[in-house]
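Residue-level structural notes
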Amino acid sequence: MTPFEQLAEIAHEIDRRSSAYEFGRLQEVRKVLKGLSTKGGAKLPFDRNIEKFAVQKGWVFHFGGGQELQFNIGLEAEGRLRFCVAFSLESSKSTPHPEAIFDAKIKHFNHYLQQHPKVFKGLEMWYSRNNEVRLLDFSKPIAEELVQNGNFIAIGKRTPFRFPLPDSTYQEILETFDRLLPLYEFVEQSMPTEPDNEKRIARICWNDERWQRPSGWEGKSRSDQTHEGKHGWGGEEWLFDFEKIHTDGYHYGYIPSIGYGRSTYAGQILDVSLFSKNSKTKEFVWVGEIKNLEVIDDLEILQSVHDHYKKKGWLNEMERQLQAHGLDTKHFRKVGASSFCLRFKPSDANVYDPPKIIHPDDPLRKKNRYSNLMYFDEPPALLEDIPFQFTPGGNTNITTEDSSAFRSNPGYQIKQLHNEISLALYEYLGKENGWKNVAREHPIHKCNGSADIILQRPSGLVFFEIKTYNTWKACVREAVGQLLEYNFFPTGKRAKEMVVVSSMLPSEQEQAYLENLRKELRLPLFYQCFDLESVTLSKKY
């Protein structure tokens, strides 16, 4: 009797003995899971597959298991017998692209692995390709890179092969299959969607550029216990820079709490919500969510991504962006490949624009450590839920920074000029209209933003938006979008008039443009020039 014929006899014996085990119900379980006919069909686990595969190929899987997590026994190199459940991603005429079928099933398996690690105690996980076998680590889910045509991924045991098998080995095989039957049911049950990923919350550094590029010291923590406090930037500054997409379709990035615990979360697929703190205003904001975020700890992958960024010139670009804010780039060069410890598809990111302000009483504000990847219970309370109501007063301070590098930044100078005009205009309007009728940096919670100045008149509110660009068109172009949002988003109308303010007088053509907007669109939109030297406000154009 050849070894293949001996394997066939072993499969028949397993079928005969299976009636005393849960594994013997496999075909009944399949009928329920798959909605198969209860009449006819296979009765025993391996059934008619035995002669078809064991005798000819040296392995056999349960009847109907070609496109399932299959119960499998087979002869391996070095005279070993395997008994396991397996994902066989071998293409065939009926299954030309097995990876498309098994991708979701393997994600189900990964979810089960995270939830029930004790089930796998004493078992092995391995994959083979072209007769080369490599052990896998149960502490890490099956990586997406392994879901490819030709791979055989198995979970079970391997034992020296001898024939006939002793009763103790048959018992071990059937008890192992009993342990793995709930896993099979979980993976193969009809699910309309993939299992839910574990949900977490993480803090990221403050950024005024929507986390597409570094924004400098403004709003950053100044604690030397934080990376941003030491260096003025964080690895997450580029978290949503979707101009940098790898050839595999993923965007690679960094989140501090994942970076600190990379080995702990390696291989996990998470849904991560993000928040941040503006250390200047003390506001906490809800940044957005990333679904299906994968944590990476494979040094080869990390280095290959780093090399790709270098080859594309992206690392040099990132370094120049830091230099533009007067930031030291030595540490950036030192960090290297560890900056790419996670990846996700851009389509799985939901970024709020602008970020949503978290209510001052929300408990999340007390859990603000960067090193903690916290469990997600429910979204925080947001200020956008508070109805709009005019309140006079507001912030009347002009913040200055002690960093000479920061002061030399053109962006800083623009913000300072904006603040100076805003404060002077606030004082001008307060003296003209009464302080109880003027507010500076008035929050518009529904928009997660603040109007520069609001003036209350008997006829209604007037919103002022200040811009300090070097051309009139640029000032109006930027201000109009904000004014429309502050006034009309999401529904209704808050202000009777909207006014763009800058330091330049409009030309005749520009005046005609404003009149045309009011005529054609019926927008109550005006423009006024504020002279900072004489502290005077022009007529409305």
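Parameters at a glance
- Residues numbered from 1 in each chain as written.
- Predicted model: local features only at pLDDT ≥ 70, side-chain atom pairs only at ≥ 80, totals over all residues.
- Heavy atoms only, no water.
- Axes fitted to C-alpha atoms, helices over the stretch in contact; angles between N-to-C directions.
- Helix = DSSP H or I, 4+ residues; strand = E, 2+ residues; numbered from the N terminus.
- Parallel < 35°, antiparallel > 145°, perpendicular 65-115°, else oblique.
- Left-handed = near helix turned anticlockwise from the far one by under 90°.
- Contact = heavy atoms within 4.5 Å.
- Nonpolar A, V, L, I, M, F, W, Y, C, P; charged D, E, K, R; others polar.
- Polar contact = N/O pair within 3.5 Å; in protein donor to acceptor, adjacent residues only side chain to side chain.
- Buried < 20%, exposed > 50% of the residue type's maximum accessible area, 1.4 Å probe, protein only.
- Pairing = 2+ DSSP bridges.
- Core = buried A, V, L, I, M, F, W, Y, C linked by side-chain atoms within 4.5 Å.
- Disulfide = S-S within 2.5 Å.
- Phe/Tyr/Trp six-rings, centres within 6.5 Å; stacked < 30°, edge-to-face > 60°.
- Lys NZ or Arg CZ within 6 Å of the ring centre and 35° of its normal.
- Salt bridge = Lys/Arg side-chain N within 4 Å of Asp/Glu carboxyl O.
- Arc of directions from axis to C-beta.

For any two helices packed against each other, one specifies the inter-axial angle together with the distance between the axes. Two elements in contact, helix α2 (residues 26–34) and helix α5 (residues 167–188), have axes whose closest approach is 10 Å; the angle formed by their N-to-C orientations is 20 degrees. In terms of orientation, α2 and α5 fall into the roughly parallel class. Between α2 and α5 lies a crossing of right-handed hand. Residues Leu-26, Val-29, Arg-30, Leu-33 and Lys-34 of α2 pack against Leu-181, Tyr-184, Glu-185 and Glu-188 of α5. The residue inventory of the contact of α2 with α5, partitioned by class, reads five nonpolar, no polar and four charged.

We now examine the side chain of Asp-271. Along the chain, Asp-271 turns up in strand β9 (residues 269–278). Separated by 2.9 Å, the side chain of Asp-271 and the backbone nitrogen of Asn-292 make a polar contact. Setting aside anything within four residues of it in sequence, one finds Asp-271 in contact with Asn-197, Glu-198, Lys-199, Arg-200, Ile-290, Lys-291 and Asn-292.

Turning to unusual backbone geometry, a few remarks are in order. Along the chain, Phe-163 connects to Pro-164 via a cis peptide bond; the corresponding omega equals 0 degrees. Within the element layout of this structure, Pro-164 appears in the loop between β6 (152–160) and α5. For the bond from Asp-353 to Pro-354, the omega torsion is 0 degrees, close enough to zero to count as cis. Secondary-structure assignment places Pro-354 in strand β12 (residues 349–357). In this model, Glu-441 sits at a positive phi of 50 degrees, which is unusual for a non-glycine residue. Along the chain, Glu-441 turns up in strand β15 (residues 438–444). Judged by relative accessible area, which is 33%, Glu-441 ranks as partly exposed. Positive phi values are uncommon outside glycine, yet Val-535 reaches one of about 50 degrees.

With that out of the way, let us pick up the sheet that holds strand β19 (residues 525–531). Strand order in the open sheet formed by seven strands is β14-β15-β16-β17-β18-β19-β20, and the pairing between neighbours is mixed. With partners counted over all chains shown, the strands left at the sheet margins are β14 (393–394) and β20 (536–537), one partner each. Pairing analysis gives six bridges linking β15 to strand β16 (residues 449–457), with the strands arranged antiparallel. Counterpart to His-442 in the pairing with β16 is Ala-451. Strands in contact with helix α14 (residues 472–488) are β15, β16, β17 (460–466), β18 (497–502) and β19; relative to β18, the strand with the most contacts, it is inclined by about 150 degrees.

With that settled, consider the nonpolar core. One finds Ile-73, Phe-87, Phe-109 and Phe-120 to be the most contacted residues of the largest nonpolar core, which totals 49 residues. If one sorts the elements of this core by residue count, α5 sits on top with ten residues. Filtering out sequence-adjacent residues up to four positions away, Phe-87 remains in contact with Leu-69, Phe-102, Lys-105, Ile-106, Phe-109, Ile-142, Asn-151, Phe-152, Ile-153 and Val-187. If you look at the next biggest cluster of nonpolar residues, it comprises 25 residues, including Trp-206, Ile-290, Ala-349 and Leu-383.

This next bit is on the state of the cysteines. Using the criterion set out here, one finds zero disulfides in the structure. There is no disulfide at Cys-475, and the cysteine sulfur nearest it, in Cys-529, is 10 Å away.

Once that is clear, we can look at the environment of Met-318. Structurally, Met-318 is set in helix α10 (residues 314–323). Spatially, the C-alpha atoms of Met-318 and Arg-213 are 7.7 Å apart, while their sequence positions differ by 105 residues. Those residues in contact with Met-318 that sit more than four places away from it in its chain are Trp-238, Lys-244, Tyr-309 and Phe-332.

Right, let's talk about the sheet that holds β6 for a bit. What the six strands build is an open sheet, ordered β1-β2-β3-β6-β4-β5; its pairing is antiparallel. For this open sheet the edge positions go to β1 (59–61) and β5 (132–136), each flanked by a neighbour on one side alone. For this sheet, the mean inter-axis angle between neighbouring strands, taken without regard to orientation, is 30 degrees. Sheet topology note: the β1/strand β2 (residues 70–76) ladder contains three bridges and is antiparallel. Paired with Val-60 across the bridge in β2 is Ile-73.

Scanning the model with the defined rule gives 28 aromatic pairs in all. Between Phe-53 and Phe-61, the ring centres sit 4.9 Å apart and the planes meet at 40 degrees, which makes this aromatic pair tilted. An identical accessibility class is assigned to Phe-53 and Phe-61; each is buried. Here Arg-200 stacks its cationic end above the ring of Tyr-375, 3.8 Å away from the centre of that ring. Geometry around Tyr-250 places Lys-345 over its ring, the cationic atom sitting 4.7 Å from the centre.

Let's shift gears to the pattern of salt bridges. Evaluation of the coordinates by the stated rule reveals 32 salt bridges. Between Arg-17 and Glu-13 there is a salt bridge, and its shortest N-O distance comes to 2.8 Å. Of the two residues, Arg-17 and Glu-13 are both situated in helix α1 (residues 3–17); the distance of four residues between them amounts to about one turn of the helix. Its relative accessible area of 27% is what places Arg-17 among the partly exposed residues. Here the salt bridges share partners, and the residues they tie into one network are Glu-9, Glu-13, Arg-16, Arg-17 and Asp-167.

Consecutive residues of a regular strand have side chains that alternate between opposite faces of the sheet. When you tally the buried positions in β5, you get zero out of five residues, a small fraction of the element. Examined bridge by bridge, strand β4 (residues 124–129) and β5 share five bridges and lie antiparallel to one another. Looking at β5, one finds that Met-125 is bridged to Leu-136. Here β4 folds back onto β5, and the loop between the two strands holds two residues, one of which, Asn-130, carries a positive phi near 55 degrees.

Moving on, we come to α10. Looking only at α10, the buried set comprises Trp-314, Leu-315, Met-318, Glu-319, Gln-321 and Leu-322. Down the axis of α10, the buried side of the element spans an arc of 155 degrees, and every buried residue falls inside it.

A word on the packing of α1 against α5. Contact geometry for α1 and α5: axes closest at 11 Å, N-to-C directions at 70 degrees. Viewed along their axes, α1 and α5 adopt a mutual orientation that is roughly perpendicular. Crossing angle aside, the handedness with which α1 passes α5 is right-handed. Each of Ile-10, Glu-13, Ile-14 and Arg-17 in α1 lies in contact with α5, whose residues at this interface are Asp-167, Tyr-170, Ile-173 and Leu-174. Of the residues assigned to the contact of α1 with α5, the class counts are five nonpolar, no polar and three charged.

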